[in-house]
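# Working through the structure, step by step
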Amino acid sequence: MTTQAPQFPGAPVVRREAREKVTGTARYAADRTPAGCLYAWTVPATIAAGRVTAVRAVDALAVPGVHSVLTHDNAPRLQEPDDPILAVLQDDRVPHHGMPVALVIADSLEAARTGAGELHIEYERDPHDVTLTEDHPGLYTPEEANGGFPAVRNRGDVERALAASPVQVDATYRMDALHNHPMEPHAATAVWADGHLTVHDSSQGSDKVRGSLAQAFGMNPDHITVVSEHVGGGFGSKGTTRPQGVLAAMAARHTGHPVKLVFPRAQLAEVVGYRAPTIQRVRLGADLDGLLTAVSHEVVTQTSTVKEFVEQAAVPARVMYASPNSRTGHRVVALDVPSPSWMRAPGEASGMYALESAMDELASALGVDPVELRLRNEPATEPDSGRPFSSRGLAACLRDGAARFGWHDRDPRPAARQEGRWLIGTGVASATYPVLVSRSTASAHAAPDGSLTIRVNATDIGTGARTVLAQIAADALGTDPEAVHVDIGSTELPTASLAGGSSGTASWGWAVHKAAADLAGHSGPLPAEGITTTADTGQETAEESPYARHAFGAHFAETAVDAVTGEVRVRRLLGVYAAGRILNARTARSQFTGGMVMGIGMALTEDCGIDPVFGDFTAKDLASYHVPVCADTADIQAHWIEEDDRHLNPMGSKGIGEIGIVGTAAAIGNAVRHATGARLRELPLTPDTLLPYLL
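Here the structure is a predicted model, which means the values were calculated and not measured. (Residues numbered from 1 in each chain as written. Predicted model: local features only at pLDDT ≥ 70, side-chain atom pairs only at ≥ 80, totals over all residues. Heavy atoms only, no water.)

### Brief notes about the overall build of the protein
Our working definition: Secondary structure elements follow DSSP: runs of H or I of four or more residues count as helices, runs of E of two or more count as strands, with numbering from the N terminus. Throughout, exposure labels follow a simple rule: accessible area from a 1.4 Å probe, protein chains only, divided by the maximum for the residue type, with under 20% read as buried, over 50% as exposed, and the rest as partly exposed. Whether two residues touch is decided by their heavy atoms; if any such pair falls within 4.5 Å, the residues are in contact. The method behind every accessible area is Shrake-Rupley, applied with a 1.4 Å probe, and residues are considered shielded solely by the protein chains displayed. Under the counting rule used here, the positive set is Lys and Arg, the negative set is Asp and Glu, and His together with the chain ends is not counted. Lys charges are placed at NZ, Arg charges at CZ, Asp charges at CG and Glu charges at CD.
In terms of regular secondary structure, the protein is built from 16 helices and 27 strands. A principal-axis box enclosing the C-alpha atoms of the protein has dimensions of 75 × 75 × 50 Å. For the protein, the proportion of its 695 residues judged to be buried stands at 61%. Summarising the internal contacts of the protein: among those between residues at least 6 apart in sequence, 82% fall at separations of at least 24. Summed over all atoms, the accessible surface of the protein reaches about 25,800 Å², with 50% contributed by carbon and sulfur. Taken together, the 58 basic and 81 acidic charged side chains of the protein have centroids lying 3 Å from each other.

Structure representation (structure tokens):
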């Protein structure tokens, strides 16, 4: 089958589900209301550690419309789940504040919520510890950090090299917990019918959810269907199975009715994960020419008593800069806190804030331009592994960004530029994110009427997956993307990996390209039923690449600091990226700038500590947890360099969803230091923290 191929690769094709979303016809997990549907409301624990001794439900059951109350005494029994956070309502233990301890089910959302307020729960409290410190007696070194990375890596003799270095930096950087807060809260609608479970779930991967449900309920996965057709954001919090699907399915089994459950936003922080707080000590040694002689990056972070999750914040230092001596390590302590989890660019976002801030401090100590310092320390191969890079466009990004930004026109002296009451400064930071690809399957079908259909269980979490997969298929088939229909978001489709780790397009697209290319090889008339080809990238993705594969970027920021109030405004923010072949300029720019906006929040507004007395997060909603708004994002630009990397996938693409946040906070922090002369090492940079340095 052959047709003339239009010249569209990389074209800014409008996302095909845009009209559905703006007109409200796109259906999300909570938009499904089957006949006879009941509503569930979770009741969170109000203690940080201990156990439930009694749940008195008489008053709750007396509320009109309340159907039943599930607790650990009467909830359906689960088998051991693949993730310990899914073992909900199975025993009386309370491992952290906010753990679901009861579920009220009613014929309306209002009745369920009212009934939850009428529950009387008694506890036996245990002493709790929710405070992370760098000298906590419970700190230990795990075997691995997230992603399977060794927790500790050593090269050379760091201590000796540091002692011998004529220029040194030794700084500690701190961050509190950060929260994902997608626009769509976590929700699920569950239906049991003739032994088959169907769940509409707000998830970044319905195949993963089906596997978790099958294990928890002891079922054959073929008897479960999970649909995640439209997902209103996730940023990692929906990357693995969360409790809403399990709870909804338990309630539906118990009542014999379909059940809908939506976590209220105030409960999200404690049940769906968060970016773990970190305390990061970075030590750099350099010679007088600015060449690094030693890099030490040591991370202290927290996990829960439920499961081990170790934010891999020291891993980026193994990639970035040449140095003959290196130590990167992680230590963790299990506290009585909710389980941390994935948040956009896990590891890289946290770790590069510290590393790139330290590089700026080193540039200042040397009297070297911060861009030039980074260029001088470009490695020939990946420092930690010694593998050659499949491509490394960091230097090109730094040079291109500096030219676009007007970097070299700046006065390098700190606190040298003022406009009225505003202190003006500029900063730069590098960015990196690994190339990840997972096994996926897909099918391509050509019908005699000329229609083309791609089927793959990808998940569109707002990134435009439907659109770019149609472009990939059209490229392989030599046709227009408008001619390609794409079915995604259901376990009834060919299995695929989840939308996470900036791996979605590379993973699904590889399978789609393979199936479409096979279909394109057909010649002659089509049979009445058409032709279907299938593809499985298991063999290709199982092969370990001999190359170190990473996306890179550079961020440039101009900030204005109010000398009277300490307010910080980001006046300009520029990102330049080397991310392989850009498949859709419109959706790519949206992804880059979206990450940069999250970086502004990380730098200036987002903050959430834990109350040491009660053990709960102090900012539980969007009134108290401040995300950037339009007024905070005056001038944001994203560009990219042309990068032809033949060692990736058939499309030549790298992930772009997460690199936009990596380094942004450091660039802003470096700009604030340039504006004020004050180096603050704890995020966010709020007026109250800056003001003492301005008086």
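Structure shown, so let's carry the discussion forward.
### Regarding the pattern of salt bridges
Keep this limit in mind: Salt bridges are defined by distance alone: a side-chain nitrogen of Lys or Arg within 4 Å of a carboxyl oxygen of Asp or Glu.
One pass over the structure, following the stated rule, counts 42 salt bridges. E372 serves as the salt-bridge partner of R376, at 3.0 Å between the closest nitrogen and oxygen. Note that R376 and E372 are positioned in helix α9 (residues 370-376) at a spacing of four residues, about one turn of the helix. What makes R376 partly exposed here is its relative accessible area of 35%. Assessed through its relative accessible area of 32%, E372 is described here as partly exposed. The closest approach of N and O atoms between E378 and R392, which form a salt bridge, is 2.7 Å. Within this pair, whereas E378 is found in the loop between α9 and α10 (394-405), its partner R392 is found in the loop between α9 and α10, the two being separated by 14 residues in sequence.

### Some thoughts on the environment of P494
Counting through the fold element by element, P494 comes out in the loop between β22 (484-487) and α12 (504-520). A C-alpha to C-alpha distance of 51 Å links P494 and G285, two positions 209 residues apart in sequence. Among all residues touching P494, those that are not within four sequence positions of it are T441, A442, S443, R455, V456 and N457.

### Quick look at helix α8 (residues 348-366)
The condition that has to hold: The span expected for a helix works out to 1.5 Å for each residue beyond the first.
Taking 1.5 Å as the rise per residue, α8 with 19 residues should run 27 Å; its terminal C-alpha atoms sit 26 Å apart, in good agreement. The buried fraction of α8 amounts to 17 of the 19 residues, a majority that puts the element mostly inside the structure.

### Notes on empty space enclosed by the protein
Note the cut-off: Buriedness of a pocket was judged along seven lines, with at least five required to meet protein on both sides within 12 Å; pockets are open sets of points on a 1 Å grid over the protein atoms alone, cavities are sets where a 1.4 Å probe fits but cannot get out, and lining residues have an atom within 4 Å of a point. Grid points are joined across faces, edges and corners, and a volume is the space filled by probe spheres set on the points. Throughout this entry, Asp, Glu, Lys and Arg are counted as charged residues, while Ala, Val, Leu, Ile, Met, Phe, Trp, Tyr, Cys and Pro are counted as nonpolar. The remaining residues, Gly among them, count as polar.
Applying the stated rule across the entire model yields six cavities of 30 Å³ or more. Approximately 150 Å³ is the volume attributed to the largest cavity. Surrounding the largest cavity, 16 residues form its lining, I85, H96, E270, V271 and S339 being those nearest its centre. Its residues placed into classes, the lining of the largest cavity shows nine nonpolar, four polar and three charged.

### Structural notes on the sheet that holds strand β4 (residues 93-94)
The criterion, for reference: Between any two strands, pairing holds if DSSP finds at least two bridges.
Read from one edge to the other, the open sheet built from three strands follows the order β4-β2-β6, with strand pairing classed as antiparallel. The sheet is open, and its two borders are formed by β4 and β6 (120-125), each paired with just one other strand. Where strand β2 (residues 50-56) meets β6, six bridges bridge the pair, whose relative direction is antiparallel. Following the sheet pairing, G50 is matched in β6 by R125.

### Topic: the pairing of strand β26 (residues 636-640)
In terms of strand pairing, strand β25 (residues 568-578) meets β26 through five bridges, oriented parallel. Directly across from L573, in β26, lies its bridge partner I636.

### Some remarks on the packing of helix α14 (residues 585-604) against helix α15 (residues 664-676)
As a reminder, the rule being used: Helix axes are fitted to C-alpha atoms over the stretch in contact, other axes to C-alpha atoms as well, and angles between N-to-C directions run from 0 to 180 degrees. Each angle receives one of four descriptions, namely roughly parallel if under 35 degrees, roughly antiparallel if over 145, roughly perpendicular if within 65 to 115, and oblique otherwise. Crossing handedness: left-handed means the near helix sits turned counterclockwise from the far one by under a right angle, and right-handed means the same turn made clockwise.
Packing of α14 against α15 brings their axes to within 8 Å, and their N-to-C directions diverge by 50 degrees. Considered as vectors, α14 and α15 are oriented oblique to each other. In the packing of α14 onto α15, the handedness of the crossing is right-handed. Along its contact with α14, which presents M596, G599, I600, M602, A603 and L604, the element α15 presents T664, A665 and I668.

### As for the pairing of β25
So the rule is basically this: The crossover handedness rule: strands pointing away from the viewer, path from first strand over the helix to second strand clockwise, crossover right-handed.
Of all 11 residues making up β25, eight are buried, and the element is well covered by its neighbours. Note that strand β24 (residues 550-562) and β25 share 10 bridges and pair antiparallel. Paired with H555 across the bridge in β25 is G575. Hairpin connection, β24 to β25: the antiparallel pair is bridged by five residues, and G566 has positive phi, about 85 degrees. In this region the chain leaves β25, passes through α14 and returns to the parallel neighbour β26; the handedness of that crossover is right-handed.

### Concerning the side chain of E606
As a reminder of what qualifies: Polar contact criterion, stated in full: a pair of N or O atoms within 3.5 Å, where within protein one must be able to donate a hydrogen and the other to accept it, and residues adjacent in sequence count only if both atoms are side-chain atoms.
Relative to the helices and strands, E606 is located in the loop between α14 and β26. Within the buried core, E606 has no salt-bridge partner, and the shortest N-O distance to an opposite charge, that of R275, equals 7.4 Å. Of the polar contacts made by the side chain of E606, one reaches the side chain of Y625; its length is 2.5 Å. The contacts of E606, once residues within four sequence positions are left out, are L178, H179, M343, M598, G601, Y625, H626, V627, P628 and P684.

### A short note on the side chain of S507
Checked against the element boundaries, S507 lands in helix α12. Classification of S507 by relative accessible area gives buried; the value is 0%. There is a polar contact of 2.7 Å between the side chain of S507 and the backbone oxygen of S503. Excluding anything up to four places from it in sequence, S507 contacts L436, V437, S438, S440 and S497.

### A short note on unusual backbone geometry
That bond from L683 to P684 is cis: its omega, 0 degrees, falls within 30 degrees of zero. We note that H181 has phi near 45 degrees; this positive angle belongs to a residue other than glycine. Positionally, H181 belongs in the loop between β10 (167-175) and β11 (187-193). Assessed through its relative accessible area of 12%, H181 is described here as buried. Look at F235: it is not a glycine, yet its phi comes out positive at around 55 degrees. With respect to the helices and strands, the residue F235 is situated in the loop between β13 (224-227) and α6 (243-255).

Remember, this is a structural readout, not a statement about activity or role.
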